[in-house]
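Report on the structure
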Amino acid sequence: MKRFLPYYKYLLRVRWPFIAALLAGAVFGAASGAGLPWMMKKVLPEIFGQGAEVPLMQLIGVALIMPGVFLVRGLSQFINNYLIQYCGLRVLEYIQVDVFARLQKLPLKFFQKHKSGDLLSRLMGDTQMMRMALVEISNDIIIQPMQMVGAIGFLVYMSMQKSEFFFLYICLATIPVCVMPIQMIGKKLFKKAKAVQEQTGDLTASVTDGLQAPMEIRSYNMQDGIVNTFQNQVIRLFKARMKVVKYDKMLGPAIEFVSACGVAVAIVYAGRAGLNFEADMMPLLMALYMCYDPIKKLGKIHTKIQRGNASLDRVEYLLHYPDELPDAEKPVPFEDVAGRIRFEAVNFAYDEQLALDNIHLEIPAGQVVALVGPSGAGKSTFASLIPRFYDVNEGCVFVDGHDVRAVSKSDLRGAIGVVSQSPVLFNATVLENIRIGNPEASDADVFEAAKKAHAHEFIESSLDDSYHTMVGEKGTRLSGGQRQRIAIARAFLKNAPILILDEATSALDSESEAKIQEALEELVKGRTTFIIAHRFSTIKIADRILVFDRGHIVADGPHEDIYDSSGLYRDLYDRQSG
Ligand code: ATP
């Protein structure tokens, strides 16, 4: 439980309802532990012991003690349960927001290494386990001992009245024996619970895979394979879960068996000592039950802690994941950016092999640069070092004379517009999707940007609800060309001095392509622009072309110059132009 201490800060935020819940829980514990046996001792002898001699009104008065005790017990139980749920759900909200915020700060590399389904399961499932461990366990740790103290108090009170009751302490001596199975089973459970959480992550990952690419799955007839993978994972999760169930459910009967031995000794002794059944034995048995019941529940807490620990491992992995791209401690101011870019002796590798090798380059502000070269040559990698999606291994990238690591990431990225080859739209309206470029922009600014991007016509004419049309998850209700134009509108609205355009590889119809081309020509004016040119259709708007080959820049200059000097470029160009 020590590991959870740092997370009690979440509980502190709901301390008042939590304290109220614990107080109600303490009342419930006492009403169960001492109240119920006391009620039996008070009510049963009156009703069964003296029978007809007791006046009816007195009998009714005595009988009313029962609903009275249950009313106190029930009310306090309700208040406790309600407030504990309230605190638990608030704590869950705080943890999930913190984990989600952490995920948003992690570098791109992290997402390439981890399956999104697994991250989803850590965020949604493991945090639930943590909530349970923090809130419900803290609650049980108060209530259960309270019930036990109440019951033991009652036993002590009884033993002071009748000397025979000393033997009851023998029964209580079995309590420590109950702790043994708790310890043994708990250890096993930790390992099994961790396996379950991992399997859940794998399962969520295969569900996301299966739902993310419906078109590919159908066109490659992958349905059976996907269903098989899913089924195997469900079976693996089932087996892992059953192991947890085995250990989890073993504990209760083990403790009950030990406590039943204690109760058996008590009953035999009581029978031989000639104790009265209603007046002595019934309340005593009730008090004994109230002693053992909390142990059983405390044993369950132990198993819950182990499951919580397993989930905590997985959540802490995210929370403590090292920040590979830390912001400078004192970032230099970065305003009125002109867009001068310089690469100085830059080496970069994703793994062992260099994706960029000793790049030296100077790009004046406002220049439009096309990056060309065979697939895997390093064009996208080159462009992604400018917004610091990755950090160089050696050398420096400068923007306006500042090392990109010296300015804050948010200032740097604020000065760079990116239009990727398959732009992602969020499940919101067209208007909201364009406004991502500049959240402060007015509706009129958004319309203006859409006009420049040649998006206005199709938004007005072919979308049911014009700018207020929902685009569907990832923009699936729009065509590739339409999505591209929305992304260009975003870039117009952002009005950043530096632009990175990853040209779409998918074939667009010629009308769409012409419109996108026109929009891009307008967009690049006055901005330092990098166009990752897959199809060479945009090359004519470039002032300069960089030819990449296996991590090197092998040619650099305007089309006319390098067409003659670079064989690789000539080949690529001639092949493209047919
Ligand atoms: P394309 O035209 O196909 O997009 P590219 O010229 O943009 O190719 P890059 O994407 O920059 O090429 O890739 C350069 C090299 O780095 C390739 O060998 C590629 O396999 C590798 N690479 C790219 N991204 C990653 C990554 N996330 N992790 C590991 N290696 C990568």
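Residues numbered from 1 in each chain as written. Predicted model: local features only at pLDDT ≥ 70, side-chain atom pairs only at ≥ 80, totals over all residues. Heavy atoms only, no water.

The chain has the name Lipid A export permease/ATP-binding protein MsbA in an unreviewed UniProt entry, where Oceaniferula spumae is given as its organism.

**Considering the packing of aromatic side chains**
The description of two aromatic rings rests on the distance between their centres and on the angle between their planes. Inspection of the entire model under this criterion finds 15 aromatic pairs. Their ring planes at 50° and their centres at 5.6 Å tell us that Phe348 and Tyr390 sit as a pair that is tilted. In this pair, Phe348 is assigned in strand β1 (residues 341-349) and Tyr390 in the loop between α12 (379-385) and β4 (394-399), connecting sequence segments 42 residues apart. By relative accessible area, which is 1% here, Phe348 ends up buried. (Phe/Tyr/Trp six-rings, centres within 6.5 Å; stacked < 30°, edge-to-face > 60°. Helix = DSSP H or I, 4+ residues; strand = E, 2+ residues; numbered from the N terminus. Buried < 20%, exposed > 50% of the residue type's maximum accessible area, 1.4 Å probe, protein only.)

**A short note on unusual backbone geometry**
Positive phi values are uncommon outside glycine, yet Ser466 reaches one of about 50°. Mapped onto the secondary structure, Ser466 falls in the loop between α16 (456-462) and α17 (480-494). Judged by its relative accessible area of 17%, Ser466 is buried. For Asn495, which is not glycine, the phi torsion reads 55° and is therefore positive. Tracing the sequence through the fold places Asn495 in the loop between α17 and β7 (498-502).

**Here's the deal with the site of the ligand**
Neighbouring residues of the ligand: 13 residues in total, closest Ser375, Gly376, Lys379, Ser380 and Thr381. Here an oxygen atom of the ligand sits 2.6 Å away from a polar atom, N or O, in the side chain of Ser375. Here an oxygen atom of the ligand sits 3.0 Å away from a polar atom, N or O, in the main chain of Gly378. Relative to its unbound accessible area of 630 Å², the ligand is 63% covered by the protein chains. At three residues, the largest contribution of residues to the shell around the ligand is made by α12. A per-class count over the shell around the ligand returns four nonpolar, seven polar and two charged. (Near = heavy atom within 4 Å. Polar contact = N/O pair within 3.5 Å; in protein donor to acceptor, adjacent residues only side chain to side chain. Areas by Shrake-Rupley, 256 points an atom, 1.4 Å probe, with all protein chains shown as cover. Nonpolar A, V, L, I, M, F, W, Y, C, P; charged D, E, K, R; others polar.)

**A few points about helix α10 (residues 223-273)**
Taking 1.5 Å of rise per residue, the 51 residues of α10 would be expected to cover 75 Å, and the 74 Å separating its terminal C-alpha atoms lies within 8% of that figure. Positive backbone phi, at 70°, marks Gly274, one or two positions downstream of α10. (Expected span 1.5 Å × (residues − 1).)

**A look at a positive patch on the surface**
Together, Lys188, Lys191, Arg236, Lys239, Lys243 and Lys246 make up a region of like positive charge exposed at the surface. For the positive patch, the secondary structure elements donating two or more residues are α8 (175-212) and α10. Per element, the largest residue contribution to the positive patch is four residues, and it comes from α10. Checked against the element boundaries, Lys188 lands in helix α8. Its relative accessible area of 45% is what places Lys188 among the partly exposed residues. (Patch = residues over 30% accessible without salt bridge, like charges linked within 9 Å, V, L, I, M, F, W, Y side chains within 5 Å. Salt bridge = Lys/Arg side-chain N within 4 Å of Asp/Glu carboxyl O. Lys, Arg positive; Asp, Glu negative; His and termini not counted. Charge placed at Lys NZ, Arg CZ, Asp CG, Glu CD.)

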